[in-house]
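Geometric and topological summary
Spelled out from the first residue to the last, the chains are:
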Amino acid sequence: AGLTCLGNTTIMLAALRIALSNGWQFSDLNPFKPKEEPAAGESGPAAASVTSVTDGGDDSVLLLAKLSALTVVSAYAVKYGELALSLPFQPNAFAACLMVAAPPALLTLNYLRKDQDWHS
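Residues numbered from 1 in each chain as written. Predicted model: local features only at pLDDT ≥ 70, side-chain atom pairs only at ≥ 80, totals over all residues. Heavy atoms only, no water.

Points about the environment of leucine 62
Residue position: leucine 62 is located in helix α3 (residues 60-81). Using a relative accessible area of 40% as the deciding quantity, one classes leucine 62 as partly exposed. Considering only alpha carbons, one finds leucine 62 and serine 27, 35 residues apart in sequence, at a separation of 9.9 Å. (Helix = DSSP H or I, 4+ residues; strand = E, 2+ residues; numbered from the N terminus. Buried < 20%, exposed > 50% of the residue type's maximum accessible area, 1.4 Å probe, protein only.)

A few points about the confidence of the model for the chain
Any residue range with low pLDDT should be treated as having predicted coordinates unsuitable for detailed reading. This prediction gives the chain a mean pLDDT of 80; 79% of its residues lie at or above 70. Within the chain, helix α2 (residues 45-48) has the poorest average pLDDT of any element, 47, and helix α1 (residues 2-21) the best, 92. Here residues 45-55 is modelled with pLDDT under 50, and outside its nearest four sequence neighbours on either side it reaches 14 contacts, counting other chains as well. (pLDDT = per-residue confidence, 0-100. Contact = heavy atoms within 4.5 Å.)

As for the packing of aromatic side chains
Here the structure, examined in full by the defined rule, presents two aromatic pairs. With centroids separated by 5.2 Å and ring planes inclined at 70°, the aromatic side chains of tryptophan 24 and phenylalanine 26 adopt a geometry described as edge-to-face. On the accessibility criterion, tryptophan 24 (25% relative accessible area) is partly exposed. (Phe/Tyr/Trp six-rings, centres within 6.5 Å; stacked < 30°, edge-to-face > 60°.)

Some thoughts on a nonpolar patch on the surface
On the surface, a cluster of nonpolar side chains totalling about 500 Å² of accessible area is made up of Tyr76, Tyr80, Leu83 and Phe89. Tracing the backbone shows phenylalanine 89 in the loop between α3 and α4 (93-119). Residue classification places phenylalanine 89 among the exposed positions, given a relative accessible area of 55%. (Patch = residues over 30% accessible without salt bridge, like charges linked within 9 Å, V, L, I, M, F, W, Y side chains within 5 Å. Areas by Shrake-Rupley, 256 points an atom, 1.4 Å probe, with all protein chains shown as cover. Salt bridge = Lys/Arg side-chain N within 4 Å of Asp/Glu carboxyl O.)

Here you go:
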């Protein structure tokens, strides 16, 4: 387990260094950052479609702390939350098939909805 943790940490640091060298910043993680405003001379539908959303004043460090805390809490809930269920301790072919088939089915539905919206 220790070597797995070391390997995963090394990969994470390598990916971070590559991202930072390409100009990525921690503020790019914020999905609510303000979008660019149209230039003063622009008008029409393109300029009207641009909206600004405020992020509530969160800076990059606070956002990184929130995401880290959410990751730790969700990992803890997944690891120890399964003990509250009997599902992991008894063989269940239906549950196994559902776990394998559900993600591709949901992704397919998502793409079909986007395709219908695009054709509309």
